Every structure is written in structure tokens, then in C-alpha cells.
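Summary of the model geometry
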Amino acid sequence: MRPYIICHMASCIDGKIDGEALGAVMRHGKYEAIAKRLGGSGWICGRTTMQQHFAEPEPFFSTSNEPAGNQPVHVAREASSYAISVDTLGKLRWSSDNLDRDHLICIISEQVPSDYLKMLREKGISYIVSGASSIDLTGAMDSFRKYFGINTLLLEGGGHINGAFVEAGLVDEVSLLLVPGIDGRHDIPTVFDGLSKSVTVALKLKSVEQLESDALWIRYEVIPAQEGEDSCKA
Ligand SMILES: NC(=O)c1ccc[n+]([C@@H]2O[C@H](COP(=O)([O-])OP(=O)(O)OC[C@H]3O[C@@H](n4cnc5c(N)ncnc54)[C@H](OP(=O)(O)O)[C@@H]3O)[C@@H](O)[C@H]2O)c1
């Protein structure tokens, strides 16, 4: 049993999600305030986003370079809220066991060096090893409920990790803070990137709220593939 997963993102009207560009047209703190309204006891981000905003600037350097292989889930401590990173090879270096007071859980693959796991344990960070060479997202999600009691999880980008979650059928809802701006540059990440299927994922409108400063908060339910598939093939 996995948690209920809401992909919560802010974007310009062209779907671009670059934080600096958004900051020019978005009211400070609005994204976080909406996340609070969504609830949930955990939020999760891809390695690139974690590197940009939360991890230490220098990557982890392994002296062993010896893959840890299959390992049990490590629960360093229980908490009321969790911050979760998805980092296939254990590149992110952490200075503490929490991000903004949310206890840190790292999802890593079996390729991660054993001294990386040792570093996590020494810092009091929890981890889930899932997947032989790339991360098995579905397997990792099952552990969240079982070991950490997470019932609702906010998936908070960037575009590639969001795309991977959608492709794995792991997104139940999309919460989009649409801000009144056009970015339009090439090579800027979008809300969902890197999907390989030629089938558009169908959504059902749940609610729309007009916010101050001309922003919109739009919530969609994801229609499960067998219901939406036929009508949406490209
Ligand atoms: N506006 C918003 O609401 C918002 C929110 C968050 C981020 N952002 C922006 O999004 C940008 C980053 O987005 P991004 O798409 O480049 O990176 P991302 O989604 O943050 O991270 C992608 C990385 O996650 C790791 N990963 C592990 N398993 C994966 C899997 N199954 N599928 C995909 N990735 C996996 C991969 O790195 P490894 O292979 O090394 O593990 C991959 O390169 C930044 O500019 C950030 O500021 C915006």
C-alpha cells in the first residue's frame, strides 16, 4: 500500500518551472502556503532540485566505490514530517538529518557505495535502498507507509522526477499554482519532463481557485490509465 501522491508545482502559463523566473511574478510564500493546505506528512524531490536548494555544494566522495547491494530499510528515527530525496548513486552530501525540520529520508539504488550508507547512518538520516541499477520508485513508495507511516506525500519536482512518477502510475492528483507569466525559453524544465509514452495522461478537474496577484490554484485528479488511455492516444 503506497501513500496518496499529490504532485504540487508552481509554473508559468507555458509550464516552465524555473524558480528564479517564477519569483519575479509569484507572491513569496504562496507555493508553501498551498502545500500546507494540501496536508501530507512528507515531500519528495529529485536529485537536481535537492542539489540546487538543500544539499551541500560539494558532492559526496566515496573512498570505497563498492556498491552496497540490497540493504534493509534504515529508520533512523520517527518524525511527524519527512523530506525525501531521490538520488540513484548517492551523490548528495548532507549536513544534518533534517531539511527545515522535516526528517530526511534518502531513496538510493543498490549501486550506492557502502561508505555512503555509513555516512547517512552517522548523520542520523533514514534511507531506503530500492532498485538494482536505477531507482524502483514503486517499491520505495510501498516502504513509506509501512516504515514511516506516510499516508499522503507531496511530489515537489522537478520535471524529470515528476515525469518518472507519472510514467510509473504513481500520481493521484496534480496541484498546480499557475502564475501570470510567460517564460518561453528553451531548455528550461517543465512541470512534467522526459515521459516516453505517446499517451497523454488524462486529468479530471477537481477545483480552481483564483488567488490574489492573478494566480490560479488548479487541482486535477489523474484518471487511471485504463479509463483515460483510448481517448487520449497521440
Ligand atoms: N516551480 C516548482 O514548483 C519547482 C519545484 C521543484 C523544482 N523546480 C525546478 O526544477 C528544476 C530541476 O528539475 P529537473 O527535471 O532538471 O530535475 P529533478 O527532477 O529535480 O531531478 C532529476 C534527477 O533525479 C534523479 N532521479 C532518480 N531516479 C529518477 C527517476 N526514476 N526518474 C527521473 N529522475 C530520477 C536523477 O538523478 P540521478 O540519476 O543522479 O539520481 C535525475 O537526473 C530546477 O530548476 C528547480 O528549481 C521547480
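Residues numbered from 1 in each chain as written. Predicted model: local features only at pLDDT ≥ 70, side-chain atom pairs only at ≥ 80, totals over all residues. Heavy atoms only, no water.

Here's the deal with the layout of surface pockets
Empty space within the largest pocket amounts to approximately 1,600 Å³. Grouping the constituent residues of the lining of the largest pocket by class yields 17 nonpolar, 19 polar and 12 charged. Here the lining of the largest pocket spans two domains, and each of domain 1 (1-40 + 151-234) and domain 2 (44-149) adds at least three residues to it. (1 Å grid on protein atoms, 1.4 Å probe; cavity = no way out; pocket = protein on both sides within 12 Å on 5 of 7 lines; lining within 4 Å. Points joined across faces, edges and corners; volume = space filled by probe spheres on them. Nonpolar A, V, L, I, M, F, W, Y, C, P; charged D, E, K, R; others polar. Domains from an automatic or database assignment.)

A few points about the nonpolar core
By size, the foremost hydrophobic cluster in this structure holds 35 residues, and its most contacted members are W94, C106, I108, Y116, L117, L120 and L177. Of all the secondary-structure elements, those providing two or more residues to this core are β1 (4-11), α2 (30-38), β2 (42-46), β5 (102-108), α4 (114-122) and β6 (126-129). A domain-level breakdown of this core finds at least three residues from each of domain 1 (1-40 + 151-234) and domain 2 (44-149). With near-sequence residues (within four places) excluded, W94 lies in contact with M50, F54, A55, E56, S85, L99, L104, C106, Y116, L120, K123 and I125. Counting residues in hydrophobic clusters, the runner-up holds 30 residues, among them C7, I135, F165 and V166. (Core = buried A, V, L, I, M, F, W, Y, C linked by side-chain atoms within 4.5 Å. Buried < 20%, exposed > 50% of the residue type's maximum accessible area, 1.4 Å probe, protein only. Helix = DSSP H or I, 4+ residues; strand = E, 2+ residues; numbered from the N terminus. Contact = heavy atoms within 4.5 Å.)

Comments concerning the pattern of salt bridges
Side-chain pairing between opposite charges can occur once the charged atoms of the two side chains come close. In this structure the tally under the stated criterion is 10 salt bridges. Close ionic contact of R37 with E209 constitutes a salt bridge, the shortest N to O distance being 3.1 Å. Here R37 is found in helix α2, whereas its partner E209 is found in strand β9 (residues 203-210), with 172 residues between them in sequence. The class of R37 is exposed, set by a relative accessible area of 53%. (Salt bridge = Lys/Arg side-chain N within 4 Å of Asp/Glu carboxyl O.)

Here we look at the environment of R47
Note that R47 resides in helix α3 (residues 47-53). With relative accessibility at 30%, the residue R47 sits in the partly exposed group. Sequence separation of R47 and V86 is 39 residues, and the distance between their C-alpha atoms is 5.6 Å. With residues near it in sequence (within four places) discarded, R47 still touches V86, D87, K91 and L92.

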